[in-house]
Amino acid sequence: MGRAFEVRKSSMAKTANAKTKVNSKYGKEIYVAAKSGEPDPDVNQTLRRLIEKAKKDQVPAHVIEKAIEKAAGGAGEDYSSARYEGYGPGNCMVIVDCLTDNPNRTIKDVRLPFTKTDSKIGTPGCVAHMFDHLAVLGFAGDDDEVVLEALMMADVDVTDVEAEDGKVSVFAPHTEYFKAKTALEEAFEGINFEVDEITFVPQVHVEITDEEVIANFDKFINMLEDCDDVQNVYHNATIKS
């Protein structure tokens, strides 16, 4: 694959309002995962992954418990997933994943950031083919060959393994997430995952250097993240200020 994975942490968690947004996002995802499967993380792998991720992002236990209890009780909203694609400032490619109980409201909310930043929302599939939907696992290490051998011995379908600056990054198809993580945990006792997610990784990047475009890009991302129904935003922009 020939690339190092860069973890893009959202600037969201800097304010109380932002923290509320993060908690709400996880609460909604956990609720949907628990409602669509078993509300027990021991048998629902998707739910278990979300709970582990939420805890790493310091989501309070009561938020997690409330979402699971709500799903188990059969009450609550009926959310559906929605994905929007398009071109953002600097002609970067963008994927916006949402969970919504009102698609008409959501499309209006998502379209506004595109309109306000002279960007273009496109049709389904217009940019998704330029991203790889991958499981990404990162941890301390420097021997990618040993890691690759352990994964192959466990019959994991690996896309790539990279070692750079004392970190190993494993890329696998998103369907191989649990298999890859289990194989690594069994092969390397005490392994600590610094990166542990299923994400869209761009095949190519667009470098943005113009200060006005960078400001417009920041506005674009902030507006999307302010949308209540937006869960994740993926893009292929590399900012060079």
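A quick note: this is a predicted structure, and the numbers were derived from the prediction, not measured.

Conventions we followed
Residues numbered from 1 in each chain as written. Predicted model: local features only at pLDDT ≥ 70, side-chain atom pairs only at ≥ 80, totals over all residues. Heavy atoms only, no water. Salt bridge = Lys/Arg side-chain N within 4 Å of Asp/Glu carboxyl O. Buried < 20%, exposed > 50% of the residue type's maximum accessible area, 1.4 Å probe, protein only. Helix = DSSP H or I, 4+ residues; strand = E, 2+ residues; numbered from the N terminus. UniProt positions renumbered as here; feature names shortened; annotations may be inferred. Patch = residues over 30% accessible without salt bridge, like charges linked within 9 Å, V, L, I, M, F, W, Y side chains within 5 Å. Areas by Shrake-Rupley, 256 points an atom, 1.4 Å probe, with all protein chains shown as cover. Lys, Arg positive; Asp, Glu negative; His and termini not counted. Charge placed at Lys NZ, Arg CZ, Asp CG, Glu CD. 1 Å grid on protein atoms, 1.4 Å probe; cavity = no way out; pocket = protein on both sides within 12 Å on 5 of 7 lines; lining within 4 Å. Points joined across faces, edges and corners; volume = space filled by probe spheres on them. Nonpolar A, V, L, I, M, F, W, Y, C, P; charged D, E, K, R; others polar. pLDDT = per-residue confidence, 0-100. Contact = heavy atoms within 4.5 Å. Pairing = 2+ DSSP bridges. Axes fitted to C-alpha atoms, helices over the stretch in contact; angles between N-to-C directions.

### Concerning the pattern of salt bridges
Under the definition given, this model contains eight salt bridges. A salt bridge links aspartate 101 to arginine 105; its shortest N-O distance comes to 2.9 Å. Exposure remark for arginine 105: the relative accessible area of 33% places this residue in the partly exposed category. The partner of aspartate 229 in a salt bridge is arginine 105, and the shortest N-O contact between them spans 2.8 Å. Taken as a pair, aspartate 229 in the loop between helix H7 (211-225) and strand E9 (230-235) and arginine 105 in helix H4 (residues 103-116) lie far apart in primary sequence, 124 residues in all. Of the residues examined, aspartate 229 reaches a relative accessible area of 5% and is grouped as buried. Here the salt bridges share partners, and the residues they tie into one network are Lys28, Asp101, Arg105 and Asp229.

### Some points on the UniProt feature "domain: TACO1/YebC-like second and third" (unreviewed entry) in the protein
Here the UniProt-annotated "domain: TACO1/YebC-like second and third" (unreviewed entry) positions come out as residues 79-237. From the first C-alpha to the last, residues 79-237 spans 30 Å; its make-up is 31% helix and 36% strand.

### With respect to a negative patch on the surface
On the surface, a cluster of negative charge is made up of Asp142, Asp143, Glu145 and Glu149. Along the chain, glutamate 149 turns up in helix H5 (residues 144-153).

### Here we look at the layout of surface pockets
Estimates place the volume of the second largest pocket at around 290 Å³. Along its surface, the second largest pocket is lined by 14 residues, and Ser24, Gly27, Lys28, Lys70 and Tyr79 are the ones closest to its centre. Every element with two or more residues in the lining of the second largest pocket is listed here: helix H1 (16-36) and helix H3 (61-72). No other element matches H1, which puts five residues into the lining of the second largest pocket. Taken together, the residues of the lining of the second largest pocket break down into four nonpolar, three polar and seven charged.

### Examining the confidence of the model for the protein
Confidence along the protein averages 91 in pLDDT terms, with 92% of residues attaining 70 or more. Segment residues 7-14: pLDDT under 50, and 13 contacts once partners within four positions in sequence are set aside and those in other chains are kept.

### A short note on the sheet that holds strand E7 (residues 195-202)
Taken together, four strands build an open sheet; the order of strands is E5-E6-E4-E7 and the sheet is antiparallel. Lying at the two open borders of the sheet, with one neighbouring strand each, are strand E5 (160-164) and E7. Each strand of the sheet is rotated relative to its neighbour by a mean of 25°, with strand direction disregarded. As judged from the eight bridges shared by strand E4 (residues 131-140) and E7, these two strands associate in the antiparallel manner. Looking at E7, one finds that glycine 138 is bridged to valine 195. Together, E4, strand E6 (167-173) and E7 form the strand contacts of helix H6 (residues 177-187), whose direction differs from that of E4 by roughly 15°.

### Regarding the sheet that holds strand E3 (residues 120-121)
Either a parallel or an antiparallel arrangement is found when strands of a sheet pair, and the pairing is made through backbone hydrogen bonds. Pairing is antiparallel across the open sheet formed by four strands, whose spatial order is E3-E1-E2-E9. Since the sheet does not close on itself, it has two edges, and those belong to E3 and E9, each with one partner. Where strand E1 (residues 80-87) lies against strand E2 (residues 93-100), eight bridges are found, and the strand directions are antiparallel. The residue of E2 that forms the bridge with serine 80 is threonine 100. Packed on one face of the sheet, H7 meets E2 and E9 and runs near 155° to E9.

### Remarks on the pairing of E6
Summarising burial for E6: six of the seven residues are buried, a large majority. Inspection of the sheet shows E4 paired to E6 by seven bridges, in the antiparallel sense. Following the sheet pairing, alanine 140 is matched in E6 by lysine 167. Bridging between E5 and E6 involves five bridges; their strand directions are antiparallel. Across the sheet, residue aspartate 160 finds its bridge partner in E6, namely phenylalanine 171. The hairpin formed by E5 and E6 contains two residues between the paired strands, and aspartate 165 there has a positive phi angle of roughly 55°.

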